[in-house]
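Spelled out from the first residue to the last, the chains are:
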Amino acid sequence: MSEMTFTLDGENVPFEPGQTVMQAALAAGHYVPHLCYHPEFKPHGSCKLCTVKINGRTAASCTMPAEAGLQVESNIEELNALRRTLVQMLFAEGNHFCPSCEKSGNCNLQALGYDLEVHTAGFRHLYPDRPVDASHPDILLDFNRCVLCELCVRASSEVDGKNIFALSGRGINKHLIVNSKSGLLVDTDIALTDKAMQVCPVGAILRKRVGFSQPIGERRYDQRPISAQALDDAPRQADASGNCAACEGTP
Amino acid sequence: MTDANTKNLETAAYPEGLRRVAIDPVSRVEGHGKVTLLLDENDRVHQVRLHIVEFRGFEKFIQGRPYWEAPVMVQRLCGICPVSHHLAASKAMDMIVGATLTPTAEKVRRLMHYGQILQSHALHFFHLSSPDLLFGFDSDVAKRNIVGIAAAYPELAKQGVLLRKYGQEVIRITAGKRVHGTGSIPGGVNKNVSSEERDYLLKDIGQILTWSHESLTIAKQLFEQNLDVYNTFGTFKAHTLNLVRADGALDLYHGGLRARDLHGKTLFDHYDYSRYWDVIFEDVKPWSYMKFPFLRSLGPEQGWYRVGPLSRVTQCDFIPTPLANQARMAFLAFAGGASAGATLGFHWARMIEMLHAAEMINDLLHDPDLQGNDLVSKGERQARGVGVIEAPRGTLIHHYKVDEHDQIIRCNLIVSTTHNNQAMNEAIRQVARQYLDGRKLTEGLLNHIEVAIRAFDPCLSCATHALGKMPLQVELLDADGERVDVLTRGADINCNSTG
Ligand code: SF4
Ligand code: FES
């Protein structure tokens, strides 16, 4: 059978039936920026950072099934400018203070910002008032930094079988909630070893008392940009003991 | 000169009909402040006040945040001495986690701190004060700035830049970054100093020691050559407060509190700072947003005090590094010790401390503990943490309460500039009395006021606890609040005052 391919920025990309444009691109060593996509979970298609042009029309590459002969454009200024705007909006919408955030250097949102060369705020910050949930003895939930990617929601239901997280509300009022009577994390059966603890791309779900114990220079994105690392593995957080199957061999 | 109206100068007896002059902003001071003068038709000074708006926004901002975030978060208070806040908060959090620091952790932190002292003192002396000191307080205002210094004394300007840069390199290596580093964490540090990093710093320390010594010589010579001015300019006696080591040595990183009254009598010594509120209290005055701390035993009227290099160098029993200690002895012996109360004595004392910092960095770099791997410790969790450090500008107090969920529920900071609030007011009143009273105001005369304030090296950005800078205004009003004239001061250069 002859190999099926589409072109991405002029290069041939082979794919297998059932793969999305994103999956095929990453597998073939082509980076397409993404935030809510994670190879272990069903695509969610919400952040739109992975938007590409397919035969001239925009589409989310993480949900778009690959087809032979498609002409896909991704790394073009027009799209990168849109991606920069999306990142700026995510920063403006929450309370992201990178210099004092313990996820700094390991954060996918920050790493995307650097990689896409987002140098300005772009939008007036909304400074939403979102109290943290520190009720759990070992886990801190900082809603200020949630980017509503639903990775924790997917991990908790699909892998952990617990359904601890959900999104509620619409539009600008959309927010993450905890499925417990009190709405507090302490009243769930979340455990440090849960998959949901490992997937948050930003500093919203944190193991307590880790803080800044990892020195600057040794953090995930200190040495290599996210565009290089996403090819080794999908962006994700290491688990509580620092292990991450897909991170094998990466710094 | 000392009729009843000009005696105290904190509050004019009859403010009606007096003319108000505002110097705003006080330039070449980190942050922004305002001085107001009330003058009568004969240019006699009736009231002098330094206003700094203290927002305490930070104390509110940090509430609810997890305690381990504080040492990094507090650095947003100040771009000039972020390391002091980083370390003071870390010391408070050491108490929260019940830690006793390992030798490596303590020494890495000390190294970071002395790097900070070096860079901050160099910045202050060379960039902020040398224009006044080398050119004269009422010299040509167009040249009285760092650009003028670079033109007239290129070698000196270069040394200032490189001293500062070296201090910043020490910070980068110990904290991870020059600003917003993360090196110090509750209970210890997150990295040691590798032998490569040590060798990199050792390479230049000889030069740094030499330059620090030369800077000290300049500060000393300036004093000697202008003895009359230096001994009297804004000179007043004050109570003092500072940390000292258990053996009475100067220690900028850790110790007990020592307070002496203006006659040199010890009020308390080696006082455990974790109960500082038993000996220090903060007063409020109707005309100022910044608090006025005072020594409880002396009361709010009499109990104000001075912190910073001048207090530290004169009130410690000795300096535990040889060159700086020699310099201290010379300073104390000079002119019968008169320099100890001189506002301009700050500069000399500051350069003694800079030399001390360079000596300490040298000692620490030769200590193998820096390469140790035992970085963090913890013990029994506490609900309250107090961290005190001698920041470049003086005693810095951080105080936190943390609940059982690890969230900060209360925070109180007393920064060096707040400790010196009354002392700075006193210094400018002294200068107003000496130089301004009865004379037509000129830029040069107004600069005398700023010279006195600058000697304290106040950091208004810390003192205001504001996140970000405050807007600037320039005004000259009469006592009814009517605008009489405008005093403009753009980029340190222009100042038109007709009054
Ligand atoms: S908490 Fe993290 S993983 Fe969950 S939705 Fe928010 S950003 Fe995504
Ligand atoms: S990665 Fe495709 S929409 Fe988020």
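The structure reproduced in this document is the subject of the present report. (Residues numbered from 1 in each chain as written. Chains lettered and ligands numbered in written order. Predicted model: local features only at pLDDT ≥ 70, side-chain atom pairs only at ≥ 80, totals over all residues. Heavy atoms only, no water.)

Description of the overall build of chain B
A tally of helices and strands in chain B yields 16 helices and 16 strands. Looking at chain B as a whole, 65% of its 499 residues qualify as buried. For chain B, long-range pairs separated by at least 24 residues make up 71% of all intrachain contacts whose partners lie at least 6 apart in sequence. Carbon and sulfur atoms make up 53% of the accessible area of chain B, which amounts to about 17600 Å² in all. (Helix = DSSP H or I, 4+ residues; strand = E, 2+ residues; numbered from the N terminus. Buried < 20%, exposed > 50% of the residue type's maximum accessible area, 1.4 Å probe, protein only. Contact = heavy atoms within 4.5 Å. Areas by Shrake-Rupley, 256 points an atom, 1.4 Å probe, with all protein chains shown as cover.)

Let's talk about the pattern of salt bridges
Residue and element names in this part refer to chain B. What the rule picks out here adds up to 33 salt bridges over all chains. Between Glu 10 and Arg 429 there is a salt bridge, with the nearest N and O atoms lying 3.7 Å from each other. In this pair, Glu 10 is assigned in the segment before β1 (19-23) and Arg 429 in helix α14 (residues 421-436), connecting sequence segments 419 residues apart. The pair formed by Glu 10 and Arg 429 is uniform in burial state, with each residue classed as buried. A salt bridge links Arg 275 to Asp 278, with the shortest nitrogen-to-oxygen separation between them at 2.9 Å. When its relative accessible area of 41% is taken as the criterion, Arg 275 is described as partly exposed. (Salt bridge = Lys/Arg side-chain N within 4 Å of Asp/Glu carboxyl O.)

What about the packing of helix α4 (residues 103-135) of chain B against helix α7 (residues 195-225) of chain B?
Residues and elements named next belong to chain B. Running from N to C, α4 and α7 point in directions that differ by 35°, and their axes come no closer than 12 Å. As α4 runs across α7, the sense of the crossing is left-handed. Each of Leu 118, Phe 125, Phe 126, Leu 133 and Leu 134 in α4 lies in contact with α7, whose residues at this interface are Ile 208, Ser 212, Ser 215, Ile 218, Ala 219 and Leu 222. Taken together, the residues of the contact of α4 with α7 sort by class into nine nonpolar, two polar and no charged. (Axes fitted to C-alpha atoms, helices over the stretch in contact; angles between N-to-C directions. Left-handed = near helix turned anticlockwise from the far one by under 90°. Nonpolar A, V, L, I, M, F, W, Y, C, P; charged D, E, K, R; others polar.)

Section: the site of ligand 1
Neighbouring ligand 1 are the residues A:Cys146, A:Val147, A:Leu148, A:Cys149, A:Glu150, A:Cys152, A:Leu176, A:Cys200, A:Pro201, A:Val202, A:Ala204 and A:Ile205. Of the residues contributing to the shell around ligand 1, the split by class is eleven nonpolar, no polar and one charged. (Near = heavy atom within 4 Å.)

Section: the sheet that holds strand β8 (residues 266-271) of chain B
All names here are of chain B. Overall, mixed pairing links the four strands, which are arranged β8-β7-β6-β11 in an open sheet. Both edges of this open sheet fall to β8 and β11 (305-306), since each of them pairs with a single strand only. By the bridge criterion, five bridges tie strand β6 (residues 239-244) to strand β7 (residues 256-260) in an arrangement that is antiparallel. Bridged to Leu 241 within β7 is Ala 259. (Pairing = 2+ DSSP bridges.)

Brief notes about the nonpolar core
Residue and element names in this part refer to chain B. Within the largest apolar cluster, 100 residues are counted, with the highest numbers of intra-cluster contacts made by Leu 37, Leu 118, Tyr 166, Ile 352, Ile 361 and Leu 436. With 13 residues, helix α12 (residues 345-365) is the single largest residue contributor to this core. Split by domain, this core shows at least three residues from each of two domains, domain 1 (1-54 + 435-467) and domain 2 (58-239 + 279-422). Not counting residues up to four positions away in its chain, the partners in contact with Leu 436 are Leu 37, Asp 43, Val 45, Val 431, Leu 441, Leu 445, Leu 446 and Ile 449. (Core = buried A, V, L, I, M, F, W, Y, C linked by side-chain atoms within 4.5 Å. Domains from an automatic or database assignment.)

Things to note about the sheet that holds strand β3 (residues 51-54) of chain A
Residue and element names in this part refer to chain A. The sheet built from five strands is open, its strands ordered β2-β1-β5-β3-β4 with mixed pairing. Lying at the two open borders of the sheet, with one neighbouring strand each, are β2 (11-14) and β4 (57-60). Looking at each pair of strands side by side, their axes are set apart by 35° on average, direction ignored. Here β3 pairs with strand β5 (residues 71-73) via two bridges, running antiparallel. In the sheet register, Ile 54 faces β5, and the bridge partner there is Val 72. Set on the sheet, helix α2 (residues 77-93) makes contact with β3 and β5; between it and β3 the angle comes to about 155°.

Describing the pairing of strand β7 (residues 165-168) of chain A
Here β7(A) pairs with strand β8 (residues 175-178) of chain A via four bridges, running antiparallel. Residue pairing across strands places A:Leu167 opposite A:Leu176, the latter belonging to β8(A).

Topic: the interface of chain A and chain B
A common way to express how large an interface is: the accessible area buried when the components associate. Facing 19 residues of chain A, the contacting portion of chain B comprises 22 residues. Both faces combined, the contact of chain A with chain B buries some 1700 Å², and carbon together with sulfur accounts for 62% of it. In this structure, the connection of chain A to chain B is made through four salt bridges. The residue B:Glu69 makes a salt bridge to A:Arg145 at a minimum N-O spacing of 2.9 Å. At the boundary of chain A with chain B, the tally comes to six residue pairs in polar contact (both at pLDDT 80 or more). Here the residues of the side of chain A that touches chain B are counted per class, giving eight nonpolar, six polar and five charged. (Buried area = accessible area lost by both parts, 1.4 Å probe. Polar contact = N/O pair within 3.5 Å; in protein donor to acceptor, adjacent residues only side chain to side chain.)

Considerations on the environment of B:Arg164
All names here are of chain B. By secondary structure assignment, the location of Arg 164 is in helix α6 (residues 154-175). Along the sequence, Arg 164 and Lys 91 sit 73 residues apart, while their C-alpha atoms lie 25 Å from each other. Discounting residues that sit within four places of it in the chain, Arg 164 has contacts with Gln 119, Ala 122 and Leu 123.

Some details on the packing of helix α3 (residues 82-96) of chain B against α4(B)
Residues and elements named next belong to chain B. One way to put it is that α3 packs onto α4 with a least axis distance of 9 Å and a crossing angle of 150°. Of the possible angle classes, the one that applies to α3 and α4 is roughly antiparallel. For α3 against α4, the interelement crossing comes out left-handed. On α4, the residues touching Pro 82, Val 83, Ser 84, His 86, Leu 87, Ser 90, Lys 91 and Asp 94 of α3 are Arg 109, Met 112, His 113 and Gln 116. Grouping the amino acids of the contact of α3 with α4 by side-chain chemistry returns four nonpolar, five polar and three charged. (Parallel < 35°, antiparallel > 145°, perpendicular 65-115°, else oblique.)

Looking at the pairing of strand β3 (residues 45-51) of chain B
Residues and elements named next belong to chain B. Burial of β3 is extensive: seven of the seven residues sit out of reach of the surface. Pairing of strand β2 (residues 34-39) with β3, which is carried by six bridges, proceeds in the antiparallel orientation. Considered in β3, the bridge of Leu 39 is made with Val 45. Linking two consecutive strands that pair antiparallel, namely β2 and β3, is a turn of five residues; a positive phi of about 65° is found at Asp 43 within it.

What to know about α6(B)
An ideal rise of 1.5 Å per residue puts 32 Å on 22 residues; α6(B) measures up with 31 Å between its terminal C-alpha atoms. Phi turns positive one or two residues past the end of α6(B), at B:Gly176, with a value near 100°. (Expected span 1.5 Å × (residues − 1).)

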